[in-house]
Amino acid sequence: MSSLSRLDLAFCIDLTSSMSSFIQAARQRMESILDELQKPLGEGLRVAVVGYHDHCDPQLLDIAGFERSIPAIRKTLNGLKVNGGGDGPEAVYSGLHACLELPWKPGAYRVVVLVGDAPPHACGGNGDSYPKQDPSGYNLDEMANTLETEGVFVHALAMMHGSDQVLEQSFRRLSVSTGGSYSDAKDASG
């Protein structure tokens, strides 16, 4: 099996309450990604799901490690529940750090699909409880550089509630600097 036929894909998704209006559309998009990749990759596709909340929430992360079974992955995606969150920004870096800690298969193409509607802490977001330092210890440049160094390509989808330059700039930095792509959706149909 060549390295081009092996893909480790981690969905990193914001599961705070502000995602309530977007979660079903996000699920559908993640399932369509699975549909597109399943046939050409078969057993070469492994998928993990990392849901992140915020530092004030009782549970910071929901992690389902790499799995080859598409029905099991769909079950995980369908079980995603939104709750918590206390300020504008969310624990994006904690979610991405959890992705980095996954047992990536040597030689596999490494991709994270980041889906969220709020920027990381300490990026200038409105109502930030941690404006100077994210509790994870990361800042935007360090996280982007770490992802790039680890060979992880980030494709980011910003779910927009109107216009949010901080969200756009931070998700764009995390994706484009790793060789990935950035896009946004203004509503659930986007």
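See the structure above.
Considerations on the sheet that holds strand 2 (residues 45-52)
Moving on, step 1. If you walk across this open sheet you meet the six strands as 3-2-1-4-5-6, and the pairing is mixed. Lying at the two open borders of the sheet, with one neighbouring strand each, are strand 3 (61-67) and strand 6 (182-185). This sheet shows a mean twist of 15° between the axes of neighbouring strands, independent of strand direction.
Moving on, step 2. With seven bridges joining them, strand 4 (residues 109-116) and strand 5 (residues 152-159) adopt parallel strand pairing. Bridge pairing links leucine 114 to alanine 156 in strand 5.
Moving on, step 3. Where helix 2 (residues 70-78) meets the sheet, it contacts strand 1 (7-14), strand 2 and strand 3, and its direction lies at approximately 10° from that of strand 2.

Topic: the environment of threonine 16
Moving on, step 1. Counting through the fold element by element, threonine 16 comes out in the loop between strand 1 and helix 1 (23-41).
Moving on, step 2. Taking the relative accessible area as the measure of exposure, threonine 16 reaches 0% and is therefore buried.
Moving on, step 3. Note: C-alpha distance between threonine 16 and glutamate 90 (74 residues apart in sequence) is 7.9 Å.
Moving on, step 4. Excluding anything up to four places from it in sequence, threonine 16 contacts Tyr52, His53, Asp54, Asp57, Val82, Asn83, Gly84, Gly85 and Glu90.

Reading guide: rules and limits
- Residues numbered from 1 in each chain as written.
- Predicted model: local features only at pLDDT ≥ 70, side-chain atom pairs only at ≥ 80, totals over all residues.
- Heavy atoms only, no water.
- Pairing = 2+ DSSP bridges.
- Helix = DSSP H or I, 4+ residues; strand = E, 2+ residues; numbered from the N terminus.
- Axes fitted to C-alpha atoms, helices over the stretch in contact; angles between N-to-C directions.
- Contact = heavy atoms within 4.5 Å.
- Buried < 20%, exposed > 50% of the residue type's maximum accessible area, 1.4 Å probe, protein only.

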